[in-house]
Amino acid sequence: MSAVSDRLPTFPWDKLEPYKKTAAAHPDGIVDLSVGTPVDPVPELIQKALVAAADSPGYPTVWGTPGMRDAITGWVERRLGARGVTHRHVLPIVGSKELVAWLPTQLGLGPGDTVAFPRLAYPTYEVGARLARAQYVAYDDPTGLDPARLKLLWLNSPSNPTGEVLGKEELTRIVAWAREHGVLVVSDECYLELGWEADPVSVLHPDVNGGSYDGIVAVHSLSKRSNLAGYRAAFLAGDPAVLGPLLEIRKHGGMMTSAPTQAAVVAALGDDAHVREQRERYAARRAALRQALLAHGFSIEHSEASLYLWATRGESCWDTVAHLAARGILVAPGDFYGPAGDRFVRVAFTATDERIAAAVARL
């Protein structure tokens, strides 16, 4: 076991514990804007679907029910503009984080292979490469990488942590380059429905991929758009030549979404109204928090999408974390996401209206 755990970095959130204690000591309590976990209720129609499927004594299938696959293919075409998506083009997963962590291993990557991810990125991209004992590299522009040993190219738009959105032309250019060099593109699009000052585009859109899914896979999650982080519900869509072998591997590994959760996914993907309502909540919280941070002397970069504000006071991120913790506000230091973030903090606006109002008042 130690041989595996020794491959991994220190779990970053453990470093935040002393600052969390400081923030928790505030007389009015902590305002936790660090992790970005949903706090609003699961929409009622989704809860009802889960409960109705609660009597599920048999094993679910890894590929999901036909109804679930229909829901995914329908949503991908309706919401993302994809065309010609069949059941072979989709694969349910047990939350997106397990996929990110284990995809390099499931693809058979190892020593001598390279995984690439953005310079500022979700730490689990690196963890996945380490678990597979593959090499990894962070990029500013992936088309500047040496493609010789590059086997997996992660895109993340909208970005966690920065909220940056890659435009249609940029995505098209990257996909064309990756195809030219035989590099698999996996696009993490979990925040795609949360664009504020941009309209994010999927790699599944025909304007990006030319009507072909060869060499591309998109990752989507219901955690943020439907408040289902506790359900562990997500899916892949894209190249059947990639998803078919992954399905077989995941069958052997027993990586199945529970039957009640599958029913909840069908309900969630079939309803757009609850997504609009949740967006409105987040938009109001974002506006209030953004204005307060700017008035407090912060600058905010990117942040045109996602559930975070990428903010700086022009100092060490840990000095900013301490400054805000003294006011009972906990945020994530930017260097959790790479050395390039060492002067930024990631501020989530996923707290309740009451807690956001408290943060605004303190700022």
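Scroll up a little and you will see the structure.
These lines cover the structure that appears in this document, whether it is placed above or below. (Residues numbered from 1 in each chain as written. Predicted model: local features only at pLDDT ≥ 70, side-chain atom pairs only at ≥ 80, totals over all residues. Heavy atoms only, no water.)

## Quick notes on the sheet that holds strand S2 (residues 90-93)
Phase 1: The strand order across the open sheet formed by seven strands is S2-S8-S7-S6-S5-S3-S4, and the pairing between neighbours is mixed. In this open sheet, the two strands that pair with only one neighbour each are S2 and strand S4 (135-139). Across the sheet, the mean angle from the axis of one strand to that of its neighbour is 20°, orientation sign disregarded.
Phase 2: Inspection of the sheet shows strand S3 (residues 114-118) paired to strand S5 (residues 150-156) by three bridges, in the parallel sense. The partner of Thr114 across the bridge, within S5, is Leu150. (Pairing = 2+ DSSP bridges. Helix = DSSP H or I, 4+ residues; strand = E, 2+ residues; numbered from the N terminus. Axes fitted to C-alpha atoms, helices over the stretch in contact; angles between N-to-C directions.)

## A few points about the pairing of strand S7 (residues 216-221)
Phase 1: Burial analysis of S7 places six of its six residues in the buried class, which makes it a mostly covered element.
Phase 2: Both strand S6 (residues 184-188) and S7 contribute to a ladder of four bridges, which runs parallel. Looking at the pairing, Val185 lines up with Ile216 of S7.
Phase 3: Taken together, the five bridges between S7 and strand S8 (residues 234-238) define a ladder with antiparallel strand orientation. By the bridge assignment for S8, Ala218 is matched with Ala237. (Buried < 20%, exposed > 50% of the residue type's maximum accessible area, 1.4 Å probe, protein only.)

## Points about the packing of helix H5 (residues 96-106) against helix H6 (residues 124-131)
Phase 1: For the pair H5 and H6, the least separation of the axes is 7 Å and the interaxial angle reads 35°. The handedness of the crossing between H5 and H6 is right-handed. Side by side, H5 and H6 meet where Lys97, Val100, Ala101, Trp102, Pro104 and Thr105 of the first sit next to Thr124, Tyr125, Gly128, Ala129 and Leu131 of the second. (Left-handed = near helix turned anticlockwise from the far one by under 90°. Contact = heavy atoms within 4.5 Å.)

## Structural notes on the environment of Phe298
Phase 1: Mapping Phe298 onto the fold places it in the loop between helix H11 (273-295) and strand S9 (299-301).
Phase 2: Assessed through its relative accessible area of 3%, Phe298 is described here as buried.
Phase 3: Discounting chain neighbours no more than four positions away, the residues touching Phe298 are Leu293, Ala311, Thr312, Arg313, Thr320, Leu324 and Val345.

## Remarks on the packing of helix H4 (residues 66-80) against helix H10 (residues 259-269)
Packed helices, taken two at a time, are described by their axes: the angle between them and the distance between them.
Phase 1: Their axes nearest at 9 Å, the elements H4 and H10 cross at an angle of 30°. For the element pair H4 / H10, the angle class is roughly parallel. The way H4 lies across H10 gives a crossing that is left-handed. Listed contacts from H10 to Gly67, Met68, Ala71, Ile72, Trp75 and Arg78 of H4 are Gln262, Val265, Val266 and Leu269. (Parallel < 35°, antiparallel > 145°, perpendicular 65-115°, else oblique.)

## Comments concerning the packing of aromatic side chains
Think of a pair of aromatic rings as described by two things: how far the centres are apart, and how the planes are tilted against each other in angle.
Phase 1: Applying the stated criterion across every chain yields a total of 14 aromatic pairs.
Phase 2: On the numbers, 5.8 Å between centres and 80° between planes, the contact of Trp75 with Phe235 is edge-to-face. Of this pair, Trp75 sits in helix H4 while Phe235 sits in strand S8; the two residues are 160 residues apart in sequence, bridging distant segments of the chain.
Phase 3: Put simply, the rings of Trp13, Tyr19, Trp310, Trp318, Phe336, Tyr337 and Phe344 touch in pairs and so form one group of aromatic residues.
Phase 4: Positioned above the aromatic ring of Tyr308, the side-chain terminus of Arg346 is 3.8 Å from the ring centre. (Phe/Tyr/Trp six-rings, centres within 6.5 Å; stacked < 30°, edge-to-face > 60°. Lys NZ or Arg CZ within 6 Å of the ring centre and 35° of its normal.)

## Overview of the environment of Arg250
Phase 1: Assignment of secondary structure puts Arg250 in helix H9 (residues 240-253).
Phase 2: Expressed as a C-alpha distance, the spacing of Arg250 and Val203, which sit 47 residues apart in the sequence, is 24 Å.
Phase 3: The residues contacting Arg250, other than those within four sequence positions of it, are Val62, Leu91, Pro92, Ile93, Val94, Glu98, Leu99, Gln106 and Met255.

## Quick word on the sheet that holds S9
Phase 1: If you trace the four strands from one edge of the open sheet to the other, you get S9-S10-S13-S12, paired in antiparallel fashion. Looking at which strands have only one partner, the edges of the open sheet turn out to be S9 and strand S12 (332-333).
Phase 2: Looking at chain direction, strand S10 (residues 308-312) and strand S13 (residues 345-348) are connected through four bridges and run antiparallel. Following the sheet pairing, Tyr308 is matched in S13 by Ala348.

Keep in mind these values describe shape, not function.
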